[in-house]
Every structure is written in C-alpha cells, then in structure tokens.
Number of protein chains: 2
Amino acid sequence: MSDTKILLNDNELPTSWYNIQADMPNLPKPPLSPFTKEEVKPEDLAAIFPPELIKQEVSQERWIEIPEEVQEIYKLWRPSPLYRARRLEKALDTPARIFFKYEGASPAGSHKLNTAVPQAYFNREGGITRLTTETGAGQWGIALSQACKFLNMICKVYMVNVSYYQKPYRRTMMNIFGSDCVPSPTNETKSGRQILEKDPDSVGSLGIAISEAVEVAAGLDDTNYALGSVLNHVCLHQSVIGQEAKMQMAKAGYYPDVVVACCGGGSNFAGIAFPFARDKIVENSPVRLLAAEPTACPTLTKGDLAYDYGDVTGLTPLLHMYTLGSEFVPPGIHSGGLRYHGESPLVSQLLHDGIIDACALTQNYIFDKAALFASSEGIIPAPESAHAIGAAVEEALDAREAGEARTILFNLSGHGHLDLPSYESYMDGKLQDLKLPEESLEKSLAGLPNIK
Amino acid sequence: MSDTKILLNDNELPTSWYNIQADMPNLPKPPLSPFTKEEVKPEDLAAIFPPELIKQEVSQERWIEIPEEVQEIYKLWRPSPLYRARRLEKALDTPARIFFKYEGASPAGSHKLNTAVPQAYFNREGGITRLTTETGAGQWGIALSQACKFLNMICKVYMVNVSYYQKPYRRTMMNIFGSDCVPSPTNETKSGRQILEKDPDSVGSLGIAISEAVEVAAGLDDTNYALGSVLNHVCLHQSVIGQEAKMQMAKAGYYPDVVVACCGGGSNFAGIAFPFARDKIVENSPVRLLAAEPTACPTLTKGDLAYDYGDVTGLTPLLHMYTLGSEFVPPGIHSGGLRYHGESPLVSQLLHDGIIDACALTQNYIFDKAALFASSEGIIPAPESAHAIGAAVEEALDAREAGEARTILFNLSGHGHLDLPSYESYMDGKLQDLKLPEESLEKSLAGLPNIK
C-alpha cells in the first residue's frame, strides 16, 4: 500500500513563485483608476502598496524568486503535507483516488499565511512599518497579524462588525500576535463615518472594511494596505501550494484528473490550480480545474465579467472580473470567506477563456460532506474549505457511476477549529439553504459601473 | 543551516510500543482492590477493560506490537513532526538548541489520540461496542470520540460540569464525531445522584466524572471504560512519541541534554520521556527527564507517594502513586488537564527512584512563555503544554547563563485553538496565580487511605 501522507522536506520548498501571467493566452484587462477611469499607473498604487508588490502585480516573468527570509518563515509550516483520503474513498465506495493538500496545518490555520508573510516582508523592505487590512471571518486578519509579528511590524485590522462579535476567538488570536483589531465600520475613518451616519447599527461588510483600511493606509506615509485575496500578487504567492502538490502527486505516482478548490476572492484556488493550469495551457494536459463557490454568493456561476470596484465606497481601482456588483449583499452563510462580490481577475479571465470550470454548492450540502470528511479523516474543515470537499465528493461519486479510477486532488485550505458554532447549528438542523436574493442581485448587476 | 522540520515518512512509524516495565529498576507496587484492599487480579478488571489492555497493564515484555489497523489509523497524523524552534532560540538569545515534538497536529489536537485509538481497537476486538469515559477540559473526550468514530463504536462522555458550559466548542467537537457528551454529575448514575443530593449545584470534578463512567461500564456487558492517562497501558501507547523523537533527533544530529513535558496524569510525559529513560537506565545516558506541573496542583513536587483512589467515590483500584489525596480540589487554573490529584504509578516510581525530575510553574509564567512561543513559532499552545514550554525556556536561560550550547527537547502536547478565552483573560491581566490551598492539601493528604 502506498503512503497515506506524502511529505516534502525543507530543502524541497519551492524557491520561486509561479506567475501564470507568463503563460495565459489572454491577460485580464488592466485595472482602472476609480477617479479618472484611466488605466492605473504603477505610481498610482504607491500610496498603499510597496514597489515590489506593484511590480509583481503586473510582472509577466514566469518565475519570481522567493526571498530567503520569506523561505525561512515559510519553513515553519511549509512544505505542507499532502494526504490520500483513503478512509473517505472507502466511505464513498468509489474507485476514485482522493488526495488533498492540507493548508490548515499552518500556524494561522489557513493558506492565508502564504501571502501574508511576503506582503509584510516586501512592505518592510519598502520602509513601511505598519499595515492595515480588513477581515471578514478572521482568517486573513490572523494571518497578517502573525506575519507582522514575525517581521516586527504593526498591524491594524478592520473586522466586519458582525463577525467581530460572532467570532471572538478569531479576534483573540489576532490580539495574541499583537494586532489592534476593531469592529468595522468605525468612527475613525471618513468611510466608516459615512456608513454610520446612514445606518448607526451597520453590521459592516468586507466592502466597507476595505474602504476603511485603504483610506487609512493612503493617508499615512509609514502605513500601507494589505489584501488577502483577489490581486495578482496574492495569487502569485499562493502558487507554492500547487507547486508542492505537483511534486507530491509525482511522488505518489499519480497525476490528477481534476483539481478542486473553494473560491471566494480566488487565491486558494489559484494557489493549487495555476501550476496545473500551466500544464493545461502549455502542454495540453487534460486536467480539469474546478472552482467551488456557494450558491448564496455565486460570483463565477451567476456574475458578470465586467469592471467593478473592490470595495463599497469606490476607493479601490476598478478590476475587470466576475462580479455580483459591489452593492450585492449575500445571505449570511457560515462561509464568511466566500461572501465577496468580486473575484480574482486572473481566475476570471481563465474561466472566461474556458481553462477552468466553476460550480456552486448549497450550505447544508457542504456541511454534510464536511461532517463525512471529519468522520473519515479526523480533520474538521473550515466551512469555506468544505466547498472543495463537497465538489471533490461529487467528482468521486461521478467516478463511481462511471466505474473509473479517476484521481482527484483538492485543496483543504483551512481547519474549522474556530467555526464550531457553525457546526453546532448544522447538527441542530438550524442551517438554512438561504435562497439567493435574485432581485437584489439583478439590481446590483444593473448598477455595475458602465465601462467597456 | 540544518532543517527547521524533521519529518518521518509513513514507513518510519514505530511498529511496536515501548514498555518501560521491562527496564525499570523497581516496578511500582501493584494496584489494590478498592473493596478487599488485596492485590487486584486481572479478572477483577474484566468488568471494565478488555483482556488485551489488562495484559498490557501488567506486561513486562519490552516491545508490544502495534496492530496493523491501529498503525493505519495512526498514519492519519503520525509520525508527528519534530521542529527546531530557531526563532524562539533567537528571542531568548540562548546558545541552547531547542527542539519540540508537535502532537497538536493530530486531528484531535493533542497526544490523546495515540492511546484513544488502540484502546477503542482492543475493546472492539474484545467484543465491546460502547465505551464510557470522563473528560475535564475536553481533549480526552474529543480523542476518544474520534477513535470510536474511526472504529464504528459508540462513545459516552461524562464532562466535568463547569467545563461543559465553559468550553462549548470542545463539546461540539465530540458531537461532530457522534459522541453523547453530558455534564457530570448526572442523575443517570448512583455516584452522580449521591453527589447531587449533597450539592445540587455541584460543578463536578474529574474524580466524580470517573466514578460515573466506571459505574456505567461496570454495569453493562457491551460497555467498557477508557481512561486517558495514569494507567500503564496508556503510557505504553504514548511511547510512539518518544520513539519517533529519538529517530528525529538522530536525523537532526543531536541527542538531548534534557527532555521536558508537562505532567498531569503523566501520559504525555511518559510518551516522550520513557524511550529516553531506557537510555538512562540501560546505557547510563546522562539525559535529564523533567516533568513540569502547575504550582496549583503540585502532585509530583508536593504530594505523597502512597496508595490512593483514582476517583472520588472510591470505585477505582487503589494505585501506588504520588497523590495530593483524592479529596483535594485544586484551584480553577486554565490547565484543566493538569488538575488531577494523582499521577501515573510508573512516573511516580521513576521519580521516587531518581530517574526523572519534576518542577512546578505558575499560571502567569506559563502564559507569558506561551505567548512568547506563539510570537516566535506561530503555534498557540494549549495551557497544559505551555508548562513544557515554560520549563524548556528556564532550561534555555540556564544554558545561556552557563554559556553552554545544550540541547533541549520538549513535547508540545496540544494546540490551544479551543483555549483562546484563557488567553483573553491572560492578556486582560485577569489571570491570577492562585495560591495553593495549603490547609485543604494538608487535610486531603491526612485523609489518604491508611495502607502500607
């Protein structure tokens, strides 16, 4: 019997990030300034990002070296393990081989640390001492807090108000790493005050929190802003996941028929899928790349490919991406990390060009599969990551139907140790499959900025 | 620079447990029946334990084979990683080399799964379909729930009342794995009813919960009892930790000057220390073996070596061990897993014979060191495990004082993802270094059963 775990040693850690911009048949349309609606120039971004990250954002070099100090910090948890989910295969009675890459073993509990560390590093190299950011469920806030602690920087986190109070454990984790975490909207920013004037009881949203964090960073010389997903440099940093997974699958002696990941802003999907997308683009590999999103926030499956803002107030550049409209408010599902109206422009372009696929899953379905996975493999997944499990299970059942021993690889992007109240709701039968508010979606899509 | 992580592959998993009874200069005095005060016969234990575990309890064979099915389940998380804590070394400015074995990477979040799986397995092999147990903070309850799920058995957990309500996340985790977890004392048992009659608002204790679980198991043919620490077979199963650590230290090119673990019932200490104790006994290795306990429950440093009950009601056999007396109620520190009055008889005998050492640490001190560790290495430790960190840090500072590049190995027995409210108290300055209730301790020690 081959191994259950396929491990890599420290010296097998990738030394470069893979940049898919070098291989894409079509690049995404460029970001536009929110003020002039003209193409953003690198210098326009200098108020909130350091030079190296701006360079990475537009670079078309295929391989970008990982600085040694970042590699040393990566080694705290990377290379991450790859597992064969034999007990899940058995439970599903499928001839499929199911492998998963486990990013929840990082000290932050998710893949987010893969980009938090280089973002903090390049900011520090650029003379910045303080970072601001937003966080929804808190995974990203924890990761950036850790990264800043590792690199002796200060971190300020605007956490969506409703999550701040619903997920106090996540806030505590940020505090342990020395971050200042406040419930957004706040009175500290113009954006926050604007929202609170209209709605003093606002429970906040990612879009609002981004506005606050960007506003503060833009106004201070020693302070920059960090984003946990969507942008090209974030997808770039996450490519370590897929690069390692390719080596590990080779050691296991299999090449995946399908690679699955959940998709919110797109970075964990990009992380595992882009190195395989290269095989598909350059070598015509038949591998299928499948992004799984919630039916309650179906950016890839029901959104438009269009220019849109990343935030609510309209402070961020306009990105050309699949979007539900920046005013769309998705139902309050438990996968906070997937409740974003937009999508990585790189992922969007690849979907548009038919290089990747997408599917949408309901909340009760993914919790069912999460519980099955936990019972089989022991690991309790984050609800976000459970979308990848759900889609992988569908693939495995399909393989059973077809009687084919297909190879499935999915990315388990994080553990659910801080999401247990959501599981409690699920077990109590209190989880609803909230219907997509079609009318609000139509209105939101109709309100997209009119830019061709 | 040598590696940060020292990993072992599936095929390096130990295939036998190491039984220190084969090598001890003096064996502990035998357990006595609580009813006759005569030496317990194996058949006396048959009401609550399966034959194989009873055999292991008294076996003097050095190596006991790990069944293949147990090995396969172990491979879900074992061999566990060994890390070099370079960033902690730097933060302490010490010439010492600090290594730690990380048991928190198990899906149960602690070392407890190492014995939960074989205990469930040998019970199932013995025709048992249902296990009862007690749990304090919940780590053991989670581990046994997982093990029972893996082996298709039913699990009933009596959780100390105060923890049941203080740590709802732990209860949720048990529920995810299908366990029935109830707050103890309950009205379901004679022992529980006895307590509730005297004190209807009883917040429970481990001793009470053990009484309930043992009573139920003793009364039902299809049901046995499982204990998460203290007993010889539990220490035996945990020996995989130390066996792996020895291989990993050899790969790293170092042999430890000191091996440290926290000590409640003794099994995680036994797990990492006993394979090194063998070197000490058989080969005269100068390695120091250090058990770290809380000053609030100082079993090894202030207890008596005497016969005592394992529970409150007096249903368990009398064990010859260091004890604070079964009526001692330790202050409500956050390290629930270390709030036990007794201690493994094997660990007790080794301390008595000068083969191991013990030290006691205060609550604020260990949280200080836990926060330092988290800031350096990223991992947030369980408060119990933070005792090992605290003692390891003392050793590292001592090495700095002496200007010696000593090698320190400690066992990080679990993560603290479900202990974050305790960290919140610590950061808010609300943690007290609760004084040992000397008077209550004196009274409790004076009440020890009078058996020579």
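Here we summarise the structure given alongside this text. Keep in mind that this is a model prediction, so the values were computed, not measured. (Residues numbered from 1 in each chain as written. Chains lettered and ligands numbered in written order. Predicted model: local features only at pLDDT ≥ 70, side-chain atom pairs only at ≥ 80, totals over all residues. Heavy atoms only, no water.)

A closer look at the overall build of chain A
Secondary structure summary: chain A contains 17 helices and 15 strands in total. Taken over the C-alpha trace, chain A has a radius of gyration of 20 Å; the compact-globule value for 452 residues is 22 Å, and the two agree within 12%. Taken along the three principal axes of its C-alpha coordinates, chain A extends 60 × 50 × 45 Å. Looking at chain A as a whole, 67% of its 452 residues are labelled buried. A total of about 15,600 Å² of accessible surface is found on chain A, and carbon and sulfur atoms cover 48% of it. Charge-centre separation for chain A: the mean point of 39 positive side chains lies 3 Å from the mean point of 56 negative side chains. (Helix = DSSP H or I, 4+ residues; strand = E, 2+ residues; numbered from the N terminus. Rg over C-alpha atoms; globule rule 2.2 N^0.38 Å. Buried < 20%, exposed > 50% of the residue type's maximum accessible area, 1.4 Å probe, protein only. Areas by Shrake-Rupley, 256 points an atom, 1.4 Å probe, with all protein chains shown as cover. Lys, Arg positive; Asp, Glu negative; His and termini not counted. Charge placed at Lys NZ, Arg CZ, Asp CG, Glu CD.)

A word on the relation of the copies chain A and chain B
For the pair chain A and chain B, the superposition axis carries a translation of 0.0 Å, the fit reaches an RMSD of 0.0 Å, and the rotation angle comes to 180°. On this basis, the relationship between the two copies can be described by a two-fold rotation axis. If distances are taken from each C-alpha of chain A to the rotation axis, the shortest is found for A:H417, at 3.2 Å. Mapped onto chain B, 100% of the interface residues of chain A again fall at the interface, so both copies present the same surface. (Least-squares fit on C-alpha atoms with pLDDT ≥ 70 in both. Contact = heavy atoms within 4.5 Å.)

What about the packing of aromatic side chains?
When we look at a pair of aromatic rings, we describe it by the centre distance and by the angle of the planes. All names here are of chain A. Following the criterion strictly, the structure yields 31 aromatic pairs over all chains and no others. Summarising the aromatic geometry, the rings of Y83 and F100 are spaced 5.1 Å apart at their centres and angled 20° between planes, so their arrangement reads as stacked. With Y83 in strand β4 (residues 82-84) and F100 in strand β5 (residues 97-102), this pair connects stretches of sequence that are 17 residues apart. Through a chain of ring-to-ring contacts, three or more aromatic side chains come together here, namely Y83, F100, Y102, F373 and F410. (Phe/Tyr/Trp six-rings, centres within 6.5 Å; stacked < 30°, edge-to-face > 60°.)

Structural notes on the interface of chain A and chain B
In this assembly, 42 residues from chain A lie in contact with 42 residues from chain B. Contact with chain B buries surface across chain A, with A:L76, A:Y169 and A:I176 losing the most and accounting together for 16% of the total. Between chain A and chain B we count two salt bridges in total. Taking the shortest distance from any N to any O, the salt bridge between A:K5 and B:D10 comes out at 2.9 Å. Between chain A and chain B we count 17 residue pairs in polar contact (both at pLDDT 80 or more) in total. Those elements giving two or more residues to the side of chain A that touches chain B turn out to be α2 (68-74), α5 (139-150), α7 (168-176), α14 (363-377) and α16 (420-427) of chain A. Considered class by class, the residues forming the side of chain A that touches chain B number 22 nonpolar, ten polar and ten charged. (Buried area = accessible area lost by both parts, 1.4 Å probe. Salt bridge = Lys/Arg side-chain N within 4 Å of Asp/Glu carboxyl O. Polar contact = N/O pair within 3.5 Å; in protein donor to acceptor, adjacent residues only side chain to side chain. Nonpolar A, V, L, I, M, F, W, Y, C, P; charged D, E, K, R; others polar.)

What to know about the sheet that holds strand β15 (residues 407-412) of chain B
Residues and elements named next belong to chain B. Across the sheet, seven strands lie side by side as β1-β4-β5-β15-β10-β11-β14; this open sheet has mixed pairing. Two strands lie at the open edges of the sheet, namely β1 (5-6) and β14 (357-361), each paired on one side alone. Note: strand β5 (residues 97-102) against β15, six bridges, orientation parallel. Residue Y102 lies in a different strand from β15, and its bridge partner there is L412. Relative to the sheet, helix α10 (residues 232-252) contacts β1, β4 (82-84), β5 and β15, its axis offset from that of β5 by approximately 140°. The strands touched by helix α14 (residues 363-377) within the sheet are β4, β5, β14 and β15, with β14 carrying the most contacts at an inclination of about 95°. (Pairing = 2+ DSSP bridges. Axes fitted to C-alpha atoms, helices over the stretch in contact; angles between N-to-C directions.)

Concerning the pairing of strand β15 (residues 407-412) of chain A
All names here are of chain A. In terms of residue burial, β15 counts as a mostly covered element, since six of its six residues are buried. Two elements, strand β10 (residues 258-262) and β15, share three bridges in a ladder whose sense is parallel. Within β15, the residue paired with V260 across the bridge is F410.

Description of α5(A)
Residue and element names in this part refer to chain A. The terminal C-alpha atoms of α5 lie 17 Å apart, and with twelve residues this matches the ideal 16 Å at 1.5 Å per residue to within 8%. Burial analysis of α5 places eleven of its twelve residues in the buried class, which makes it a mostly covered element. When α5 is considered as a whole, its buried residues turn out to be Q139, W140, G141, I142, A143, L144, S145, Q146, A147, C148 and F150. Following α5 by one or two positions, N152 has its phi on the positive side, about 60°. (Expected span 1.5 Å × (residues − 1).)

Some thoughts on empty space enclosed by the protein
Scanning all chains against the criterion turns up seven cavities of 30 Å³ or more. Its boundaries defined by the atoms lining it, the largest cavity holds a volume of some 580 Å³. Together, 36 residues line the largest cavity, and A:P81, A:A105, B:Y83, B:Y102 and B:A105 are the ones closest to its centre. Split by residue class, the lining of the largest cavity holds 23 nonpolar, ten polar and three charged. (1 Å grid on protein atoms, 1.4 Å probe; cavity = no way out; pocket = protein on both sides within 12 Å on 5 of 7 lines; lining within 4 Å. Points joined across faces, edges and corners; volume = space filled by probe spheres on them.)

Focus on the packing of α10(B) against helix α11 (residues 267-283) of chain B
Residues and elements named next belong to chain B. In the contact formed by α10 and α11, the axes pass within 6 Å of each other and the chain directions differ by 60°. Judged by the angle between their axes, α10 and α11 are oblique. Here α10 runs over α11; the crossing is right-handed. Between α10 and α11, the residues in contact are V234, C235, Q238, S239, I241, G242, Q243, A245 and K246 and S267, A270, G271, I272, F274, P275, F276 and D279, respectively. (Parallel < 35°, antiparallel > 145°, perpendicular 65-115°, else oblique. Left-handed = near helix turned anticlockwise from the far one by under 90°.)

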